[in-house]
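Remarks on the overall topology
Read off the chains here:
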Amino acid sequence: MERYELIVVGAGPAGLSAAIEAAKAGMKTVVFDENAKPGGQLFKQIHKFFGSKEHKAKIRGYNIGETLLREAETCGVEVVLNATVAGVYEGRELTVMQGDSIKHFKGDSIVVATGASENMVTFPGWTLPGVIGAGAAQTMMNLHGIKPGSRVLMLGTGNVGLVVSYQLLQAGCEVVALVDASKKIGGYGVHAAKVARTGVPFYLSHTIVAVHGEDCVKGVTIGEVDAAWQVIPGSEKTFDVDTVCLAVGLSPMAQLVKSAGCEMNGIVPAVDAYGATSVPGIYAAGDVSGIEEASSAMIEGRIAGAAAAYQAGYLEKSDFESIVTAHEASLGSLREGMFGPKQRGRVQTVTEEGIVLSQSLLTKGYLDESDLAHFPSIQHGKTGVYPVIECTQNIPCNPCQDACVKGCILIGNDITSLPVINAEATCTGCGMCVASCSGQAIFLVEEKPLESTAYVSFPYEFLPLPEKGDRGIALDRSGAPICDAEITAVRTGKAMDQTHVVTMKVPLDYASTARFFRRR
Amino acid sequence: MNGRIDRSIDLGPYVAAPDDGMIICRCEEVTKGEIRRAVHDGMFTITEIRRYLRTGMGLCQGQTCARLVKQIVAKELDVSPDVLEDAVARAPFRPVPMRVLANEAEGRTR
Ligand code: SF4
Ligand code: SF4
């Protein structure tokens, strides 16, 4: 039996953060993870994170993972991989399977950061090869470099469904449709919009009727559901696909905390503000204690790690309190806004600013022309180059504000506020806001009435990159082709971190509608 | 929580449904019909269903089907799934080959 002052189960964002905080305070800390690679879901997250600077906003998930691993190493955290925690016993003893043997460990404290697993839904054909979880698709693409399929239908429009759909497009798959039984898109509007503008249709109030195929997926039929969730006869539509991705929610992996005897609150352990469960010395952090974003999981981990260190006498009360106060404020700001836990299940019709929310964005995935006038950050008809910020929901995010050195974009201290354009400042057209926006929601427009043309710059994260001089078709927010376009500039830079800023020339009339480009 | 389930309720006769043949627990190949029938046989809790049919006892240890089984049982009993207590979580949380367990018993490892 080996003893550690702190044993962390799970080397994901929450677990690593807890281990770092505890080891920094001086605890002898080990992290066990059943996987061959550390980082949990972080290394699958190739998109830029939301939040503010302290939450590592606009940094891609895998880079955040790298930083965490380095920090863990520096602090002296021992990370043991291919180590499966198989049981928990009296006195915080863990059995861990490593290779061909079971080893016993005792932790003075234990942080459980086991994360969550994907939910499944059933329909005829759901067990056919080709029906996969969205997380599995991400693992294949982003960890192993394997395309999950050629033609994919995604069920679920929460952030996971939206983000993974975009990644499937980036991997070169065709996404034939995004389907959700709910009436409204569940994830961020900006995530939906970047998928919609490539031409992917959304089918809300629809569900999968059946997946077809003998020994693998050959097609899928969806149908519209009525108020009682029954498929309306005659509403069925069939798509020719080889892959069906399910993004229908996550469930905490709580076996360990349950088995340890921790009091449960439904499917999650009951924890106090520091992540302490009802069993002394056992903490829970991250998705296992309630499904949230990785950004929140990292903060919960920090707090739990600090709490364990304080309990063990490694932190003075005042130091512990100041660590917790800072992290709690940071966690609080992430939980604000339309998508925060307090708003779950509530019908919202206006933003915090009192602006009517775009119903088109919530049902079709893109802003309708008629919505544009409501949002002051969506401008048109100005002289010179100007930003158009199509960010219309209260999400915790502010990199756009930090990106503009000219001070053109203002969000203020409340990071869920909508960005507003500072009328006093002058835009130079540098493109940094376009590349920094985690939601790919910022465009630059320059209207040239004398030439009857307009230049529209937009974020671009697909390969191959268009080149200057390329001719093609401009697409509107729904992905519909609207006019001819010619690429006039492609900007790439280290600070842009692989969000390229592409500029196209379109006829003047299309300045406020052309938002994406497709080669002929 | 299980206390809230009335053991004497009359579920009425078992009526076959078109999707009864659909597999719910993939690891142990248990169908929806088998689960529904088990409820009619008097298995009102997840633990009973588990022992009766082996749902959630396979490779994934119920990671995929636990929620699905619960929904089916709840629907059959006409209660909310929240009323049903999950199966007891027990070691091993992940499949452990017998060989590995035997290694420990023989003292081949520390
Ligand atoms: S293009 Fe540059 S100057 Fe203009 S708003 Fe964006 S960051 Fe500011
Ligand atoms: S516009 Fe600003 S607040 Fe909105 S998604 Fe982009 S960076 Fe975030």
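Residues numbered from 1 in each chain as written. Chains lettered and ligands numbered in written order. Predicted model: local features only at pLDDT ≥ 70, side-chain atom pairs only at ≥ 80, totals over all residues. Heavy atoms only, no water.

Residue and element names in this part refer to chain A. Strand order in the open sheet formed by seven strands is 20-23-24-27-26-25-28, and the pairing between neighbours is antiparallel. In the strand order of this sheet, the two ends are held by strand 20 (385–389) and strand 28 (516–519), each with one partner. Here the average twist between neighbouring strands, direction ignored, is 40 degrees. Relative to strand 28, strand 25 (residues 471–475) runs antiparallel, the two sharing four bridges. Its bridge partner being in strand 28, Leu475 is matched across the sheet by Phe516. (Pairing = 2+ DSSP bridges. Helix = DSSP H or I, 4+ residues; strand = E, 2+ residues; numbered from the N terminus. Axes fitted to C-alpha atoms, helices over the stretch in contact; angles between N-to-C directions.)

Residue and element names in this part refer to chain A. In the vicinity of ligand 2 there are 13 residues, among which Ile389, Cys391, Cys397, Cys400 and Cys437 approach most closely. Mapping ligand 2 onto the cavity grids shows that it belongs to the second largest cavity. Taken together, the residues of the shell around ligand 2 break down into 11 nonpolar, two polar and no charged. (Near = heavy atom within 4 Å. 1 Å grid on protein atoms, 1.4 Å probe; cavity = no way out; pocket = protein on both sides within 12 Å on 5 of 7 lines; lining within 4 Å. Sits in = over half its atoms within 2 Å of the grid points. Nonpolar A, V, L, I, M, F, W, Y, C, P; charged D, E, K, R; others polar.)

Every residue lining ligand 1 is accounted for by Pro387(A), Cys404(A), Lys406(A), Cys408(A), Cys427(A), Thr428(A), Gly429(A), Cys430(A), Gly431(A), Cys433(A) and Leu444(A). The residue inventory of the shell around ligand 1, partitioned by class, reads seven nonpolar, three polar and one charged.

The topology assignment puts Lys106(A) in strand 6 (residues 101–112). As for Lys106(A) and Met1(A), which are separated by 105 residues in sequence, their C-alpha atoms are 7.0 Å apart.

All names here are of chain A. Direction of pairing for strand 1 (residues 2–9) relative to strand 6: parallel, over a ladder of seven bridges. Counted as the bridge partner of Val9 is Val112 from strand 6. In sequence, strand 5 (residues 93–98) turns back onto strand 6 through a hairpin of two residues, with Gly99 there showing a positive phi of about 60 degrees.

A few words now on helix 5 (residues 189–196) of chain A. Each α-helix turn comprises 3.6 residues. Residues three or four places apart therefore point the same way. All names here are of chain A. With eight of its eight residues buried, helix 5 lies for the most part within the structure. Within helix 5, burial applies to Gly189, Val190, His191, Ala192, Ala193, Lys194, Val195 and Ala196. Elements in contact with the buried residues of helix 5: helix 4 (159–170), strand 10 (174–180), strand 11 (202–204) and helix 9 (359–363). (Buried < 20%, exposed > 50% of the residue type's maximum accessible area, 1.4 Å probe, protein only. Contact = heavy atoms within 4.5 Å.)

We now examine the UniProt feature "domain: BFD-like [2Fe-2S]-binding" (unreviewed entry) in chain B. Those residues carrying the UniProt feature "domain: BFD-like [2Fe-2S]-binding" (unreviewed entry) are residues 23–74 of chain B in this numbering. Its end C-alpha atoms 17 Å apart, residues 23–74 of chain B is made of 50% helix and 10% strand. (UniProt positions renumbered as here; feature names shortened; annotations may be inferred.)

Moving on to helix 2 (residues 46–53) of chain B. Residue and element names in this part refer to chain B. Listing the buried residues of helix 2 in full gives Ile46, Ile49, Arg50 and Leu53. For helix 2, the arc enclosing every buried residue in end-on projection is 100 degrees, short of the 170-degree limit, so these residues lie on one face. Residues of helix 2 that are buried sit in contact with strand 2 (30–31), helix 1 (32–40) and helix 3 (66–77). Positioned one or two residues after helix 2, Arg54 has a phi angle of 70 degrees, which is positive. (Arc of directions from axis to C-beta.)

A general tendency of soluble globular proteins is for nonpolar side chains to be buried together. Of all hydrophobic cores here, the largest spans 53 residues; its most connected members are Met154(A), Leu168(A), Phe202(A), Phe458(A), Met504(A) and Val506(A). With five residues, the top contributor of residues to this core is helix 4 of chain A. In this structure, this core is formed jointly by two domains, domain 2 (120–248) and domain 3 (367–519) of chain A, each of which donates at least three residues. One finds Ile24(B), Cys25(B), Met43(B) and Ile46(B) within the second-largest nonpolar core, a separate group that totals 42 residues. (Core = buried A, V, L, I, M, F, W, Y, C linked by side-chain atoms within 4.5 Å. Domains from an automatic or database assignment.)

Turning next to the pattern of salt bridges. Applying the stated rule across the entire model yields 27 salt bridges over all chains. Across the pair Glu34(A) and Arg94(B) runs a salt bridge whose closest N-O atoms are separated by 2.7 Å. With Glu34(A) in the loop between strand 2 (29–32) and helix 2 (61–74) and Arg94(B) in the loop between helix 3 and helix 4 (98–105), this pair bridges two chains. Given a relative accessible area of 33%, Glu34(A) falls into the partly exposed group. Residues joined in a network through salt bridges with shared partners are Glu21(A), Lys24(A), Glu71(A) and Arg302(A). (Salt bridge = Lys/Arg side-chain N within 4 Å of Asp/Glu carboxyl O.)

Turning our eyes to something else, we now look at the interface of chain B and chain A. Between chain B and chain A, the residue contacts involve 25 residues of the former and 31 residues of the latter. Applying the counting rule to chain B against chain A returns six residue pairs in polar contact (both at pLDDT 80 or more). When the residues that make up the side of chain B that touches chain A are grouped by side-chain class, the tally is 14 nonpolar, four polar and seven charged. (Polar contact = N/O pair within 3.5 Å; in protein donor to acceptor, adjacent residues only side chain to side chain.)

Our next topic: unusual backbone geometry. As a rule of thumb, non-glycine residues mostly have phi less than zero, and peptide bonds are mostly trans rather than cis. In this chain, Leu463(A) is followed by Pro464(A) through a cis amide linkage whose omega measures -5 degrees. Structurally, Pro464(A) can be placed in the loop between strand 24 (453–460) and strand 25. For the bond from Ala91(B) to Pro92(B), the omega torsion is -5 degrees, close enough to zero to count as cis. Mapping Pro92(B) onto the fold places it in the loop between helix 3 and helix 4. A positive phi angle, near 65 degrees, is found at Trp229(A), a position not held by glycine. In this fold, Trp229(A) is placed in the loop between strand 13 (219–224) and strand 14 (237–239). The exposure class assigned to Trp229(A) is exposed, which follows from its relative accessible area of 55%.

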